[in-house]
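# Examining the three-dimensional arrangement
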Amino acid sequence: MLLFTNAFHLALLAFVAPSPFVSAGNVQKSGLQLPASAAANKAQVVTMFTDAYSVYQKVAFGHDDLEPVSLSFDDSRNGWGATIVDGMSTMLVMGLTDLYQQAVQFAGTIDFNQSNVPSETVSVFETTIRFVGGFLSAYQLNGEQDKILLEKAQQVADKLAFAWVGNNDVPFGELNFTTNQPIVAASNIAEAGTLTLEWTLLSQLTGNQTYADLAQKSVKHIASLGTQLPGLAAQGIDPSSGEAVGTYVTWSGGSDSYFEYLIKFPRLFPNSDPVFATTWLTAVDSSIKTLKKTSTVGGHVYLADFDGTDIRHIGSHLACFHAGNWILGGKLLNNDTIVNVALELADACWNTYASTETGIGPETFAWISSDGSFTGGNPPSASDLTFYTKNGFYITGSDYILRPEVLESNFYAWRATGDTKYLDRAESAIKSFNEFLEVNNAFAGINDVNNANGGGGFIDDTESFFFAEVLKYLYLTFDDPNHISIDEFVFNTECHPFKAGPAEINISHSPPKTSPLPSSPLNLPLPQISPNPRLPNPFSSILGLL
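Residues numbered from 1 in each chain as written. Predicted model: local features only at pLDDT ≥ 70, side-chain atom pairs only at ≥ 80, totals over all residues. Heavy atoms only, no water.

If you check an unreviewed UniProt entry, the protein chain appears there as alpha-1,2-Mannosidase from Sistotremastrum suecicum HHB10207 ss-3. In its Sequence similarities (unreviewed entry) section, the UniProt entry covering the protein chain states "Belongs to the glycosyl hydrolase 47 family." (UniProt positions renumbered as here; feature names shortened; annotations may be inferred.)

## Overview of the overall build of the protein chain
Helix and strand content of the protein chain: 18 helices and 23 strands. Against the 2.2 N^0.38 benchmark of 24 Å for 546 residues, the protein chain shows a C-alpha radius of gyration of 22 Å, consistent with a compact globule. Counting only C-alpha atoms, the protein chain reaches 60 × 55 × 50 Å along its principal axes. Counting the 546 residues in the protein chain, one finds 63% classified as buried. Summed over all atoms, the accessible surface of the protein chain reaches about 18,700 Å², with 49% contributed by carbon and sulfur. Of the side chains in the protein chain, 27 bear a positive and 55 a negative charge, and the two mean positions are spaced by 6 Å. (Helix = DSSP H or I, 4+ residues; strand = E, 2+ residues; numbered from the N terminus. Rg over C-alpha atoms; globule rule 2.2 N^0.38 Å. Buried < 20%, exposed > 50% of the residue type's maximum accessible area, 1.4 Å probe, protein only. Areas by Shrake-Rupley, 256 points an atom, 1.4 Å probe, with all protein chains shown as cover. Lys, Arg positive; Asp, Glu negative; His and termini not counted. Charge placed at Lys NZ, Arg CZ, Asp CG, Glu CD.)

## Quick word on the nonpolar core
Core analysis: the biggest nonpolar cluster contains 171 residues, and Phe135, Trp251, Trp280, Trp326 and Tyr400 have the highest contact counts within it. If sequence neighbours within four positions are ignored, Trp280 has contacts with Trp251, Phe259, Leu262, Ile263, Asn325, Trp326, Gly329, Gly330, Leu333 and Ile338. (Core = buried A, V, L, I, M, F, W, Y, C linked by side-chain atoms within 4.5 Å. Contact = heavy atoms within 4.5 Å.)

## A closer look at the state of the cysteines
In protein chemistry, a disulfide is the covalent bond that joins the sulfur atoms of two cysteines. Under the defined criterion, the tally for this structure stands at one disulfide. Here Cys320 engages in a disulfide with Cys349; their sulfurs sit 2.0 Å apart. On the sign convention where negative means left-handed, the S-S torsion of about -90 degrees between Cys320 and Cys349 marks this disulfide as left-handed. With a gap of 29 residues between them, Cys320 in the loop between strand S14 (314-316) and helix H12 (322-332) and Cys349 in helix H13 (residues 336-354) connect regions that are remote in the sequence. Free cysteine Cys495: the closest other cysteine sulfur is in Cys320, separated by 16 Å. (Disulfide = S-S within 2.5 Å.)

As structure tokens, this is what we get:
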């Protein structure tokens, strides 16, 4: 079992900790210059958006997801038109005003009093990041003119607030919008800890502090729990008791955006409680010391998982957001150590794209480092080892479902360094997407990124985050860096930009105070991580052990 003493961790924290109050540094490199080719790439991304959205308008308008192969629709987010709301900020960023005005008109018709599908269960996390975040970002980007968007954000948040029961600090992950009753079940720290940006901004814009108080008390509670690795909360949590469930630690799904918001929250809201930035810095420090691994082939730098006993040499597309998040936090805290590791992580995640036949990265992967190759699952096969010997990783989940994280980190790396290799990578992704994902003038996921002969078949789904995240990150990579500068905006985990003022961050020299580590952690079933009904859950082997 890996366990740091408090004294040892204090020494580690001193290695990276700045003064208690930080007038934070700029993230974006000054004087960034785009090459002439950027304009064509930017225009190509706009065409990808408008073409795919046109198909959505024709066959799926008002529904959540486009099914681009069958030219139908799916309502994975309660039938409230997720693609429309999630796409609004992208429309504004791209200057697509006609589409935006249509979207605002539609938003005014959404009735959040009930789910529009037979399943009345509503995800607090997904509804917050896509709907509350989408409404508030568009409201700000269009000069706070469209009051209906603020009203709708408040309307849906008022319903979601029923997820907090009694004196519970932590909300339940799902609730019934008809009865306003939560689904009593275990949750995870991403679901419970990725609400602070949206709900605190809602408080600022409405003058109702309740939203901020609810979201912030959940994160503070999670940060106060005892951990084996300082700052790295276990993935599972029980809202009923407030206790951790299991001991699994990861920067991937189920934990990812909890860690992401720990540094984004104090950047967006100056003079925040130091527990946020301090916990983030502590988590990054622990990760560098314990989870950072280097492949025996290629020297690629990855972040492993920790199951409470052993290191697991596994990574995921979802986890590849970490590089961008560390670039952001490292720059804010003027910490070159964190930034340099982050750039190594970005390179390794891009290598998962560059090494496949389609030029697109897989859902999950694994590697071998000097301390072994344990993944918690089957050992690598002969074909896995052949692939690993060539590429420094091997594929464990070959599908791609239009995820943004690798391109997200690539965007941050470009804006922070000005190295044009990141532009080359984004251009490569655009070409691969148009070659292997395009179908019926829209875009679908594929089953096998290492199969250039049709990608193993399409996955008939275009989730709203393709419009909200993938295309926005690609567009902004080739856009004027002073438009939506990362020194003037903070992106929520769905890539909705929120306006930010001067960066001033409170941080403590000491690690955050936590409760004692329980001798016997709770063992409860946890929710699926980013489930897609068209696919087997790639994290099922992890979930079964929590």
